[in-house]
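Next come the chains, spelled out residue by residue.
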Amino acid sequence: MILLACVLSGGCHAGLMVSPVKVEAHDVSVGDEIVLNLAELAGQEQELHFSLGLFDQDEFGGVVLREDPESQAWAAKIIELSHSKIILAPYQQADIRLTINRADYASSYIVVFVTPKRSSGVSSRLAVLLLLSTEGAAEAIALTDVDFTSDKVLITFQNSGSRHGRGEGTLALYDESGLLLGEEYVDTGTILPGCHRRSEIPLHESLSPVYFTFQARELGRQQYAAEGLW
Amino acid sequence: MRWNLRLFQLGFFCVLVLLSTGSVAVASGDSGKVTMFVEVAPGFAISLQDSLTFPQAAPGRSVEAELDVTVWSNVDWQLRATATTVRSEDGTPHDFEGGIEVLDFESAWRNLLIGERIIRYAQQPTPSEGETISVPFRFQPGFGDGPGTYTIQVQFTVVPAL
C-alpha cells in the first residue's frame, strides 16, 4: 500500500490589522496621499510586503481581483507606495503612504495587498480597496430591471457613468385592496462604472402582496421607476 | 488570550481620528460638558491556524481536514483561498496528479490548484471576538504521486465587500 501524507504546514500567523480597508476618494489629483495604518497584534516581529493590482465587480457586487501583470503595471503607474516592505516590531504600529502619481483617468479601482512574509505553508493577506475618481467623473445609476418570484424581488441597477455610485430606492408592497403592506429601503451598495448589480430582497412569509412599486433614488430625486403584479 | 486582549486594548482596529483642529474639545458654555467627535475607520484583521496535517491517504482515496481562520472586521467582507505551489519532501516543485479541494461558499468542492476560491462571499461585520471559520479541505492523491510528504502553500485573502 502506498502511504502518502500531505501536510499543509504553516508558520506562525498573522496577527495583523490594517485600516482603512476601503478608501473612496473623489476628485483626486497628482500628489494626493492616502495613509494606511498597520498594527502588529500577535506580539512577534512581522515583515510585511505590499503589492498592487486592480479590481472589478461581478453582478452581485462581489469583488473580482485582477492580479495579472498588466493590471499590476497599471496600478503601479497610478499609485506609488512609500515602502515595498516594512518590518513591524511586536505590537508596533506604522503608516504606509500611497501617493497618487497620475490623474489622467475618470476612475480607477486599485487593490493594495498587505502580505505578511511566510516561508512556507499557510499564509494570509489583507486587501485594501481604493476607489479613485478624478474631477469631472460622474456616476449614472439607473434601474434596469425589476423581477420577482414568490419569495423575493430582484432589482438590477446599471452604472453607465464614469465613476462608481450606489443604487438606492424604496420597494412598496400592496394587497388587492391597495392597502400598503410595507416598504423596504433598498441599497445595492457600490456599483462600479460599466457594471450592473442585482439585489435580492426577500419577502416575509406573512406578506402576500399582489402589487408593488419601486422608486429609485437618482441624484437626490425620488423617481417612479417600476410597478408590477404578483 | 493575549491576542484577543491586545485586540481589545487597541480598540479593535478602530482608528480614532479627532476631527476639527485635531483636538477634541468643543466647550459648551458653562456646563463643563465637552462634545467629542470620533471617526471609526473600516478595518480588519486575520489570524490563521498554524498548520493543517491530513491523515495518510492512498491513491484514489480522499481524506478531509479543517483549518481554522479567524477574521475580525467592522465592514462586510469576503474570504478567499488559493493554493500556489506543491513541493515534495526535498523541496522541489511537484506537479500534483491528485487533487486538493476546498469547500467554497456554495458548499461545493473546488480545486484549489487552479485559481482563487471564495470561501465566504458576503460576511457581515464580526463581533469583537471575531468570527472563526473552519475551512474544510479535501485531499486525494493519484498514482502519479509517489509516497512521501508533500507541502502545499495556501494563501487566504480577506477582501472588503463593495
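Cut-offs applied
- Residues numbered from 1 in each chain as written.
- Chains lettered and ligands numbered in written order.
- Predicted model: local features only at pLDDT ≥ 70, side-chain atom pairs only at ≥ 80, totals over all residues.
- Heavy atoms only, no water.
- Helix = DSSP H or I, 4+ residues; strand = E, 2+ residues; numbered from the N terminus.
- Contact = heavy atoms within 4.5 Å.
- Areas by Shrake-Rupley, 256 points an atom, 1.4 Å probe, with all protein chains shown as cover.
- Buried < 20%, exposed > 50% of the residue type's maximum accessible area, 1.4 Å probe, protein only.
- 1 Å grid on protein atoms, 1.4 Å probe; cavity = no way out; pocket = protein on both sides within 12 Å on 5 of 7 lines; lining within 4 Å.
- Points joined across faces, edges and corners; volume = space filled by probe spheres on them.
- Nonpolar A, V, L, I, M, F, W, Y, C, P; charged D, E, K, R; others polar.
- Salt bridge = Lys/Arg side-chain N within 4 Å of Asp/Glu carboxyl O.
- Phe/Tyr/Trp six-rings, centres within 6.5 Å; stacked < 30°, edge-to-face > 60°.
- Lys NZ or Arg CZ within 6 Å of the ring centre and 35° of its normal.
- Domains from an automatic or database assignment.
- Buried area = accessible area lost by both parts, 1.4 Å probe.
- Polar contact = N/O pair within 3.5 Å; in protein donor to acceptor, adjacent residues only side chain to side chain.

### Overview of the overall build of chain A
Part 1: Regarding its fold elements, chain A presents one helix and 18 strands.
Part 2: Long-range pairs, those at least 24 residues apart, make up 66% of the contacts in chain A with a sequence separation of at least 6.
Part 3: Counting only carbon and sulfur atoms, one obtains 48% of the accessible surface of chain A, whose full area is about 10,200 Å².

### Some thoughts on the overall build of chain B
Part 1: Scanning chain B from terminus to terminus reveals one helix and nine strands.
Part 2: Each helix and strand of chain B, ordered N terminal to C terminal, gives the series α-β-β-β-β-β-β-β-β-β.
Part 3: Counting over 162 residues, chain B shows a buried share of 41%.
Part 4: Considering only contacts within chain B whose residues lie at least 6 apart along the sequence, 72% involve residues at least 24 apart.
Part 5: Per element, the accessible surface of chain B, about 8,300 Å² overall, is 51% carbon and sulfur.

### A look at the layout of surface pockets
Part 1: Within this model, the largest pocket holds a volume of roughly 330 Å³.
Part 2: Forming the boundary of the largest pocket are 15 residues, of which Arg197(A), Asp76(B), Ala122(B), Ala161(B) and Leu162(B) lie nearest the centre.
Part 3: Looking at which element gives the most residues to the lining of the largest pocket, the answer is strand β7 (residues 117-123) of chain B, with three residues.
Part 4: A class-by-class count of the residues in the lining of the largest pocket yields six nonpolar, five polar and four charged.
Part 5: Quantified by volume, the second largest pocket comes out at close to 210 Å³.
Part 6: Forming the boundary of the second largest pocket are Phe60(A), Glu184(A), Tyr185(A), Val186(A), Asp187(A), Thr188(A), Arg197(A), Arg198(A), Ser199(A), Glu200(A) and Ile201(A).
Part 7: Mapped by element, the contributors of at least two residues to the lining of the second largest pocket are β15 (180-191) and β16 (196-202) of chain A.
Part 8: For the lining of the second largest pocket, the class distribution of residues is four nonpolar, two polar and five charged.

### So, the pattern of salt bridges
Part 1: Summed over the entire model, instances satisfying the criterion amount to 12 salt bridges over all chains.
Part 2: Between Glu116(B) and Arg125(A) there is a salt bridge; the shortest N-O distance is 3.6 Å. Taken together, the positions of Glu116(B) in the loop between β6 (109-111) and β7 and Arg125(A) in strand β11 (residues 122-133) put the pair across two chains.
Part 3: What makes Glu116(B) partly exposed here is its relative accessible area of 28%.
Part 4: A residue is classified by how much of its surface remains accessible, and Arg125(A), at 6% relative accessible area, is buried.

### Regarding the packing of aromatic side chains
Part 1: With the rule as written, the count across this model stands at six aromatic pairs over all chains.
Part 2: Where Phe105(B) meets Tyr121(B), the ring centres are 5.1 Å apart and the plane angle is 25°; that geometry is what we call stacked. A residue pair is termed long-range when its members are at least 10 positions apart, and Phe105(B) in the loop between β5 (99-103) and β6 and Tyr121(B) in strand β7 qualify at 16 residues.
Part 3: Among the residues examined, Phe105(B) registers a relative accessible area of 35% and is labelled partly exposed.
Part 4: Their ring planes at 85° and their centres at 6.3 Å tell us that Phe137(B) and Phe156(B) sit as a pair that is edge-to-face. Of this pair, Phe137(B) sits in strand β8 (residues 131-140) while Phe156(B) sits in strand β9 (residues 148-160), and the two are 19 residues apart along the sequence. For the residue pair Phe137(B) and Phe156(B), the accessibility class agrees, reading buried in each case.
Part 5: An aromatic cluster is defined as three or more aromatic residues linked by ring pairs; in this entry it consists of Phe54(B), Phe96(B), Phe139(B) and Tyr150(B).
Part 6: Arg125(A) extends its terminal NZ or CZ atom over the ring of Phe113(A), reaching a point 3.9 Å from the ring centre.

### What about the domain arrangement of chain A?
A common way to report how large an interface is uses the accessible area buried once the components associate.
Residue and element names in this part refer to chain A.
Part 1: According to the domain assignment, chain A consists of domain 1 (6-133) and domain 2 (141-229).
Part 2: Contacts between the two partners involve 14 residues from domain 1, matched on the other side by 12 residues from domain 2.
Part 3: For the pair domain 1 and domain 2, the two sides together bury roughly 1,200 Å², of which 51% comes from carbon and sulfur.
Part 4: Considering only the surface of domain 1 that becomes buried against domain 2, Gln57, Glu59 and Phe60 emerge as the three largest contributors, covering 44% of it.
Part 5: If you look at where domain 1 meets domain 2, you find zero salt bridges.
Part 6: At the junction of domain 1 and domain 2, the tally comes to seven residue pairs in polar contact (both at pLDDT 80 or more).
Part 7: At the level of secondary structure, the elements contributing two or more residues to the side of domain 1 that touches domain 2 comprise β5 (46-57), β10 (107-116) and β11.
Part 8: The residue makeup of the side of domain 1 that touches domain 2, split by class, is five nonpolar, five polar and four charged.

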